[in-house]
Amino acid sequence: MPAPPASILEQPVTVLGGVGPERAALLAQLGLRTVADLLHHRPRRYEDRRHFHPIRELTAGESALTIGRVVAAGVKRWRRGTRSLFELILEDGTGRLHCRWWNLPFLEEHFHVGDELVVFGKVRSLKPPTMDHPETEVVEGDVDRSIHVGRLVPVYPLTAGLTQRVLRGLVWRALRLAGAQVPDPWPPVTTATGLSRARALQLLHFPEQDGDAEAARRRLALDEYFELQLRLQRRRHTLQTRAAALPCAGDNRWMRPFLARLGFPLTPAQTRVLREIRADLAGPHPMRRLLQGDVGSGKTVVAACAALMALESGGDVAFMAPTEVLAAQQFERFRAWFAPLGIPVALRTGGRKTAEGASPGPGLPGVTPAPTLTVGTHALLEPGYDPERLGLVIIDEQHKFGVAQRKQLVRKGRYPHLLVMTATPIPRTLGLTLYGDLDVSVIDALPAGRGVLRTFVRGAERLPRVWEFVRAQLARGRQAFIVYPRLEETDPVAGLKAVLTECERLRAALAPHRVGLLHGRLSAEDKARVMAEFRANRVQALVCTSVVEVGVDVPNANVMVIENAESFGLAQLHQLRGRVARSPHPAYCILVAAARTAEARERLRVLEETTDGFRIAEADLRLRGPGELLGQAQSGAPAFRFGELETDLALIEQARALARDWLARETGPPPGGTPPSAGAVVSVAADEAPKPPGQGTTIG
Ligand code: ADP
Ligand code: MG
């Protein structure tokens, strides 16, 4: 039996008149294969062609849109034909405009005397009126007139060989043919906005008045946000109805001596967060919690306390860090804390696969091995790591991992509790989309007694003074990080200094102080050795790539110099400088910009002005978009076609509320009676499914 005919929306673009195989291939380069793809091709901007500028009223130096007829056109060539100028003259009844293009002689084929032409560009001069390299569009016939002029017209992302005019015409035809058949996927969104998706698409491409296009975008974005929020909330709902958690709140038998020996009291913020975590660990459902706290706010101690609760309850704990350096450091810290309590602590990294520091051995028959804390990198995800009774998973610097990895680790147990920690302050819009399925705890105050961190932006010409300053600090017994954006000169980006070359120079410049070198290509042993030397103050300056970005803790280091600072994101720079505000000594971060443009230096000024991580993250989101904040590792980050995280907080919150109501009607009120509050959502999807019963042992 032949398959039923697909909806017109699913038909290939070739069903539209004027699209043959060649044009279809061009459209495919833009990802436009079906009629529906065309309908969802988002304009990158709009041009107001309701009003054209009379040529006589053009102003030099300003951009203008005008329309007229070509009255003359021709190419001049010189230097034996290697250089050329194509020029045409446009006449609109009020004056004549010269449009010029250098070294594009083939344009002669495109324009003909008598053509009606829309041009947009900057007026270079008025004697005579001239534009250089304007955008142009030929207007042909009456149909064209209604699509391409006399209205707000969309301007699309293009590919070579395709013109705005052709694409706009195709979208117009696609709308006429199939626009009305676009379904409304989420009724609550239609009700809330009073706008069908079909109508929104029409207005997105061909807005009828100012504001239509943005209203349409928001309507379409709301569908995207609603879908995501519904997925997150469904997952949370499933988790709460299906998954029974291991009780992991502990009995304080190790917690008490641990805190007594810690050497400092917990801050009120740490205590509050631990109370939230303990309530989760004691509760009937697995914890799904995000712990946010600026660099240096003391998340590791909180993680240690959470681990102790689970260990006291007989659960194994996995602690995953993004780099070997960091895993090794955290392993040392946990071992120093836990070994005196007799708790086995193991390390698993790519470089060091075998567990270290653990003492359980093969275990005597009939004797349950002691619950173990295993610290590691991605190596924890590999098959060799099979904890007996995984009670708690902790992921440090979550923003360095993908959502998929988080799930992979959680799947090693039967619904273990999950605590993810991040120092990247996430603007709320991003938090709600990325971590919308997690409860959120925030450590909002640094431990007391930290030195003040001051940040300076300097041009590269001031470097000699910078090194002088660094030497003076080293002479006082302090230590310094010196960070470069890349490893070797041969790395692709030109103009960026490389750590390998600069290191030699600095050894000379900072002598007799000793300079260590740390970067991602060192072996695990070498990294560990260099870090140990730096920590012990056997080397005074550490020259490194941004491998120190996260988590490295050397309190005596109070100076950080970052060269080519303009090549880093603001949030990343904030992370980096967080390494040096960890002691009572005043700390200094010097951002050296090689930037030729004042603009890049201006961007860095945000860091001089504030140490508020959230403000910095917002600025980064505005300036560089979400990709920068997320890093490439956030493969699980949702991509939005119409959503704009920079501006859509209110929309995302609306979507959350709509999804909550929708789910409540679908399933009845959530168990436990508490509807997910702001920052609280979640469930278990199939992808978080636990290993089969029998392999894990439920405790309690
Ligand atoms: P981050 O939140 O960046 O992971 P860490 O957990 O590495 O921060 O803590 C930074 C430093 O602050 C560490 O040296 C840690 O021992 C110290 N610290 C943590 N909590 C406190 C506290 N309550 N009082 C004093 N120092 C603390
Ligand atoms: Mg940390």
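Coordinates for the structure precede this section.
A few words now on the pairing of strand 21 (residues 587-593). Within strand 21, 7 of the 7 residues are buried, which leaves the element mostly enclosed by the surrounding structure. Residues Ala587, Cys589, Leu591 and Ala593 of strand 21 are buried on one face, and the alternating residues Tyr588, Ile590 and Val592, pointing to the opposite face, are buried as well. In this structure, strand 16 (residues 453-459) lies alongside strand 21, joined through 7 bridges in parallel fashion. Residue Arg458 lies in a different strand from strand 21, and its bridge partner there is Val592. As judged from the 5 bridges shared by strand 20 (residues 557-563) and strand 21, these two strands associate in the parallel manner. From the neighbouring strand, Glu563 faces strand 21, where its bridge partner is Val592. Regarding the hand of the β-α-β motif, the stretch spanning strand 20, helix 17 (residues 570-577) and strand 21 is right-handed.

The strand order across the open sheet formed by 6 strands is 16-21-20-17-19-18, and the pairing between neighbours is parallel. Edge positions in the sheet fall to strand 16 and strand 18 (515-518), since each of these pairs with one other strand and no more. Between one strand axis and the next, the sheet turns by 15° as a mean value, whatever way the strands run. The pairing of strand 18 with strand 19 (residues 541-544) spans 4 bridges and is parallel. Its bridge partner being in strand 19, Val515 is matched across the sheet by Ala541. Where helix 14 (residues 463-475) meets the sheet, its contacts fall on strand 16, strand 17 (479-483), strand 19, strand 20 and strand 21, and the angle it forms with strand 20 comes to roughly 160°.

Contact geometry for helix 9 (residues 268-282) and helix 10 (residues 299-312): axes closest at 10 Å, N-to-C directions at 30°. Taken together, the axes of helix 9 and helix 10 lie roughly parallel to each other. Seen along the crossing, helix 9 lies across helix 10 with a hand that is right-handed. Residues Gln270, Val273, Leu274, Ile277, Arg278 and Leu281 of helix 9 touch helix 10, and the partners they reach there are Val301, Val302, Cys305, Ala306 and Met309.

Right, let's get into the pairing of strand 17. Regular strands have side chains that alternate between both faces of the sheet. Taken across its 5 residues, strand 17 has 5 buried, putting it largely inside the fold. A two-sided burial pattern is seen for strand 17, the buried positions comprising Gln479, Phe481 and Val483 on one face and Ala480 and Ile482 on the other. Where strand 17 lies against strand 20, 5 bridges are found, and the strand directions are parallel. From the neighbouring strand, Val483 faces strand 20, where its bridge partner is Ile562. Here strand 17 pairs with strand 19 via 4 bridges, running parallel. Residue pairing across strands places Ala480 opposite Ala541, the latter belonging to strand 19.

One can find Gln329 in helix 11 (residues 324-338). Judged by its relative accessible area of 4%, Gln329 falls in the buried class. C-alpha of Gln329 to C-alpha of Met531: the two residues are 202 residues apart in sequence and 8.5 Å apart in space.

With that out of the way, let us pick up the sheet that holds strand 9 (residues 288-293). Ordered by their spatial adjacency, 7 strands build an open sheet running 11-12-10-13-14-9-15, and the pairing between neighbours is parallel. Strands at the two margins of the open sheet, each flanked by one partner only, are strand 11 (345-348) and strand 15 (439-443). On average, each strand axis in the sheet is inclined to that of its neighbour by 20°, with strand direction left out of account. Of the pairings in the sheet, the one linking strand 9 to strand 15 comprises 5 bridges and is parallel in character. The partner of Arg289 across the bridge, within strand 15, is Asp439.

Calculation criteria
Residues numbered from 1 in each chain as written. Chains lettered and ligands numbered in written order. Predicted model: local features only at pLDDT ≥ 70, side-chain atom pairs only at ≥ 80, totals over all residues. Heavy atoms only, no water. Buried < 20%, exposed > 50% of the residue type's maximum accessible area, 1.4 Å probe, protein only. Helix = DSSP H or I, 4+ residues; strand = E, 2+ residues; numbered from the N terminus. Pairing = 2+ DSSP bridges. Right-handed = clockwise from strand over helix to strand, strands pointing away. Axes fitted to C-alpha atoms, helices over the stretch in contact; angles between N-to-C directions. Contact = heavy atoms within 4.5 Å. Parallel < 35°, antiparallel > 145°, perpendicular 65-115°, else oblique. Left-handed = near helix turned anticlockwise from the far one by under 90°.

Take it as geometry only, folks, not as evidence of what the structure does.
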